[in-house]
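# Residue-level structural notes
Listed here are the chains, written in short residue letters.
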Amino acid sequence: MTTEKQSGGLKVIGAGLPRTSTVSLQTAFQILGYQPTYHTISDLLPSAASHGPRWRAAMLEKNKAMRQKILAEIVKGYEAVTDGPACFFVEDWCEMFPDAKVVLTLRNSPEAWLKSVNSSIGAAFGKPLAYYITYFVPPMHQGFLLNNLWDVQTYQRYGVGVRTTEFYDFHNDHIREIVPKEKLLEFKAQDGWAPLCKFLGKEIPTGENKEYPHKNDSKAANIIMREFAIWGVGIWLAVGLGIYGGVWGVKKLVLV
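These numbers come from a predicted model, not from an experiment. (Residues numbered from 1 in each chain as written. Predicted model: local features only at pLDDT ≥ 70, side-chain atom pairs only at ≥ 80, totals over all residues. Heavy atoms only, no water.)

## Thoughts on the overall build of the chain
Within the chain, the regular secondary structure consists of 12 helices and 5 strands. When each of the 256 residues of the chain is scored for burial, the buried share is 46%. A fraction of 72% describes how many contacts in the chain between residues 6 or more apart in sequence connect residues 24 or more apart. Approximately 13400 Å² of the chain is accessible, and the part contributed by carbon and sulfur atoms is 58%. (Helix = DSSP H or I, 4+ residues; strand = E, 2+ residues; numbered from the N terminus. Buried < 20%, exposed > 50% of the residue type's maximum accessible area, 1.4 Å probe, protein only. Contact = heavy atoms within 4.5 Å. Areas by Shrake-Rupley, 256 points an atom, 1.4 Å probe, with all protein chains shown as cover.)

## A short note on the packing of helix α3 (residues 48-60) against helix α4 (residues 64-74)
Interhelical geometry of α3 versus α4 gives an angle of 155 degrees and a closest axis separation of 8 Å. With respect to their mutual orientation, α3 and α4 come out roughly antiparallel. For the pair α3 and α4, the sense of crossing is left-handed. Contacts between α3 and α4 involve Arg54, Trp55, Ala57 and Ala58 on the former and, on the latter, Arg67, Ile70, Leu71, Glu73 and Ile74. When grouped by side-chain class, the residues that make up the contact of α3 with α4 number 6 nonpolar, no polar and 3 charged. (Axes fitted to C-alpha atoms, helices over the stretch in contact; angles between N-to-C directions. Parallel < 35°, antiparallel > 145°, perpendicular 65-115°, else oblique. Left-handed = near helix turned anticlockwise from the far one by under 90°. Nonpolar A, V, L, I, M, F, W, Y, C, P; charged D, E, K, R; others polar.)

## Comments concerning the nonpolar core
Judged by nonpolar contacts, the single largest core of 40 residues is most densely connected at Trp55 and Trp93. Counting residues per element, the ones that place at least two in this core are α3, α4, α5 (90-96), β4 (101-105), α6 (110-118), α9 (138-158) and α10 (165-178). Broken down by element, the residue count for this core peaks at 4 residues, all from α4. Residue contacts for Trp93: discarding those within four places in its chain leaves Leu10, Ile13, Trp55, Leu71, Val75, Val81 and Ala86. Core analysis: the next-biggest nonpolar cluster, separate from the first, contains 17 residues, Leu25, Ala189, Cys197 and Leu200 among them. (Core = buried A, V, L, I, M, F, W, Y, C linked by side-chain atoms within 4.5 Å.)

## Considerations on the environment of Tyr34
Of note, Tyr34 is situated in the loop between α1 (22-31) and β2 (37-38). As for Tyr34 and Val81, which are separated by 47 residues in sequence, their C-alpha atoms are 9.5 Å apart. Discounting residues that sit within four places of it in the chain, Tyr34 has contacts with Lys11, Val12, Phe29, Glu79, Ala80, Leu200 and Lys202.

## Observations concerning helix α11 (residues 193-200)
By the burial criterion, the buried members of α11 are Trp193, Leu196, Cys197, Phe199 and Leu200. Axial view of α11: buried residues confined to an arc of 160 degrees, hence all on one face. Contact partners of the buried residues in α11: β1 (12-14), α1, β4 and β5 (184-187). Taken from the residues just after α11, Gly201 is the one with a positive phi, measuring 70 degrees. (Arc of directions from axis to C-beta.)

Purely geometric numbers; function is a separate question.
So, in structure tokens, the structure goes:
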């Protein structure tokens, strides 16, 4: 079935994996006028109950036309995307928005990327205890579901797990294969504004934005994880107190 090109929509696609300074890239895109830019922390997590199932549906949908219809609904109103799950669908985005440019954010090495993953989001998603503690916390529960599905699909496609240096290389090589060279910029946060602005045809920002943004997305992610864990513990305590109260009430009635 022929892919239907989308009018308007995405102008820039962030193809880099999570933990490749994607929050900094989101900030940079928005400073350059790509408003708004979709990112997991700012857009998926606050709307996890509705966005999470849509992303999973897109990941599971084999029919390209149906999958791209789901994706179009998710990013309606956005001019750019970055981070996961958006970076899973670069080939679809390029077909849907053929005029969009692609920025592949990178770390200094596969090992540096894996270390960053394991010190932040990977530390939570790799632990069963964290799953059960946050089971009733919608953003984290949806995150686990997406992460687990991503891991399964990565094994099926590459024969390795997500949290491996091999996957980092496989993903980046895949992007290089599917995106024409003239539409692709390989970029590291330390490169600064110059190459990014030249690639996108934008003026280098001045004034308060003259320095390329360096957001500590690891710190932001860890703060959110702690908040979700506290939320989850609170829910379990409430459940436990509710059960205790129910049992106590039943005993009282029986003894009367």
